[in-house]
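# Observations on chain architecture
What follows is the residue order along each chain.
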Amino acid sequence: MEYSFLKIESKDGICIMKVSAPKSLNALNSTILKEIDDFVSNLDKSVRVLIITGDGEKAFVAGADIAEMANLNEQQGYEFSKLGALAFRRIETLEIPVIAAVNGFCLGGGCELAMACDIRIASNKAKFGQPEVGLGITPGFSGTYRLAKLVGQGYAKEMIFTGKVIKADEALRIGLVNAVYEPEELMDKAMEMAQTIKEKAPLALQYAKECINESYDLYADGAIEMENKDFGRCFATEDQKEGMAAFLEKRKPNFVGK
Ligand code: DAK
């Protein structure tokens, strides 16, 4: 599929997906949501780490497209919300790690997109918020659920109820992002992290991601049992044999994802 609003660069197992709608600060319309869904659903198996960012210096994504949403009826609102929620859930459950490199306004649906990624790093120009209630709507792409998980109910409720926009240092303080960099450093740092992750065993990464994701929704006993099972599954892989042999032989491992 040709994409009108996504720019894709892929090299040596690291793929960068840029949301690109410069006239509206990369706001998410239904076409972009469908493109993201299609792209993530058909991601090449050779990709080991995905980086998501926004095109241009000003915005990661400034939210869902307000112009498109303005005249939706209840059914259409539900369908729009479902479109984004499903695409973002696909990102969250991708087998590979996903890093959001947040380069500017990261509001509403943009913040929800970043939160669907596994790790967020930001430029010191980034600004975060869930301003939906000021538009007469609730966050619609799973923001209520993911923000509370990430920063706790207190900060999530404050951000969602007040609609306030916070700067990168505040996002760092409350745990919404992992690190903050100068804007010109951001993509290099994202690549550096992706490179570090890429060198690790793919199946072990996949199982670890699954365990972390799933354990939020399971009781402790179930979560511990799941981790035990996935730990066991690792011992059926070539990568486990290779990783441990490489350690014992004092060399770098060569992981093949089997
Ligand atoms: N949608 C559409 N266009 C947008 C946009 C957006 N979210 N954000 C910015 N733009 C457009 C502006 O209209 C402007 O277009 P022109 O006037 O040039 O044609 C252009 O981008 C540049 O924006 P500004 O001129 O406003 O630039 P400033 O630097 O002055 O301000 C800003 C930047 C990001 C502070 C400001 O643009 C702003 O406040 N934007 C809106 C941010 C926002 O409220 N985002 C949250 C959107 S609501 C649901 C489904 C989904 C959702 C909720 C419910 N269900 C169906 C239940 C999700 C909702 C959202 O994400």
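The structure we're discussing is the one just above.
## Examining helix H3 (residues 74–92)
For H3, with 19 residues, the first-to-last C-alpha span of 27 Å sits near the 27 Å given by 1.5 Å per residue. Turning to H3, its buried residues number three or more, namely Phe80, Gly84, Ala87, Phe88, Ile91 and Glu92. Angularly, the buried residues of H3 cover 150° about the axis, an arc narrow enough to put them on a single face. Set apart from the buried face of H3 by more than 90 degrees, the exposed residues are Glu74 and Tyr78. Two or three places before Gln75, at the opening of H3, Asn73 has a side-chain oxygen 3.1 Å from that residue's backbone nitrogen.

## A closer look at the site of the ligand
Every one of the 26 residues lining the ligand counts as a neighbour, but Lys58, Ala62, Ala64, Gly77 and Gly109 are closest to it. In this structure, an oxygen atom belonging to the ligand sits 2.6 Å away from a side-chain N or O atom of Lys58. The element that contributes the greatest number of residues to the shell around the ligand is H3, accounting for 3 residues. When the residues that make up the shell around the ligand are grouped by side-chain class, the tally is 14 nonpolar, 8 polar and 4 charged.

## Some thoughts on the sheet that holds strand E9 (residues 166–167)
In space, the 4 strands of this open sheet follow the order E4-E6-E8-E9, with mixed pairing throughout. The open sheet has two edge strands with one neighbour each: strand E4 (59–61) and E9. Where E4 lies against strand E6 (residues 105–107), 2 bridges are found, and the strand directions are parallel. For Ala59, the partnering residue across the bridge sits in E6 and is Phe105. Together, E4, E6 and strand E8 (127–129) form the strand contacts of helix H4 (residues 109–116), whose direction differs from that of E6 by roughly 90°.

## Focus: helix H11 (residues 238–248)
Buried within H11 we find Asp239, Gln240, Glu242 and Ala246. Down the axis of H11, the smallest arc covering the buried residues is 165°, so these residues share one side. Phi for Lys250, located one or two positions after H11, is positive at around 55°.

## Topic: the environment of Leu6
Tracing the backbone shows Leu6 in strand E1 (residues 6–11). In this structure the C-alpha to C-alpha distance between Leu6 and Phe105, which are 99 residues apart in sequence, comes to 17 Å. Filtering out sequence-adjacent residues up to four positions away, Leu6 remains in contact with Met17, Lys18, Val19, Ile32, Glu35, Ile36 and Phe39.

## Points about the packing of aromatic side chains
Taken as a whole and judged by the stated rule, the model has 4 aromatic pairs. Aromatic side chains Tyr3 and Phe39 sit 6.2 Å apart centroid to centroid with 85° between the ring planes, which places their arrangement in the edge-to-face category. With a gap of 36 residues between them, Tyr3 in the segment before E1 and Phe39 in helix H1 (residues 30–41) connect regions that are remote in the sequence. Assessed through its relative accessible area of 7%, Phe39 is described here as buried. Ring centres 5.6 Å apart and planes at 55° place the aromatic pair Phe80 and Phe141 in the tilted group. With a gap of 61 residues between them, Phe80 in helix H3 and Phe141 in the loop between E8 and helix H5 (143–151) connect regions that are remote in the sequence. In this structure, Phe80 and Phe141 share a single accessibility class: buried. Within the aromatic cluster, the residues linked to one another by ring pairs are Phe80, Phe88 and Phe141.

Cut-offs and rules
Residues numbered from 1 in each chain as written. Predicted model: local features only at pLDDT ≥ 70, side-chain atom pairs only at ≥ 80, totals over all residues. Heavy atoms only, no water. Helix = DSSP H or I, 4+ residues; strand = E, 2+ residues; numbered from the N terminus. Expected span 1.5 Å × (residues − 1). Buried < 20%, exposed > 50% of the residue type's maximum accessible area, 1.4 Å probe, protein only. Arc of directions from axis to C-beta. Polar contact = N/O pair within 3.5 Å; in protein donor to acceptor, adjacent residues only side chain to side chain. Near = heavy atom within 4 Å. Nonpolar A, V, L, I, M, F, W, Y, C, P; charged D, E, K, R; others polar. Pairing = 2+ DSSP bridges. Contact = heavy atoms within 4.5 Å. Axes fitted to C-alpha atoms, helices over the stretch in contact; angles between N-to-C directions. Phe/Tyr/Trp six-rings, centres within 6.5 Å; stacked < 30°, edge-to-face > 60°.

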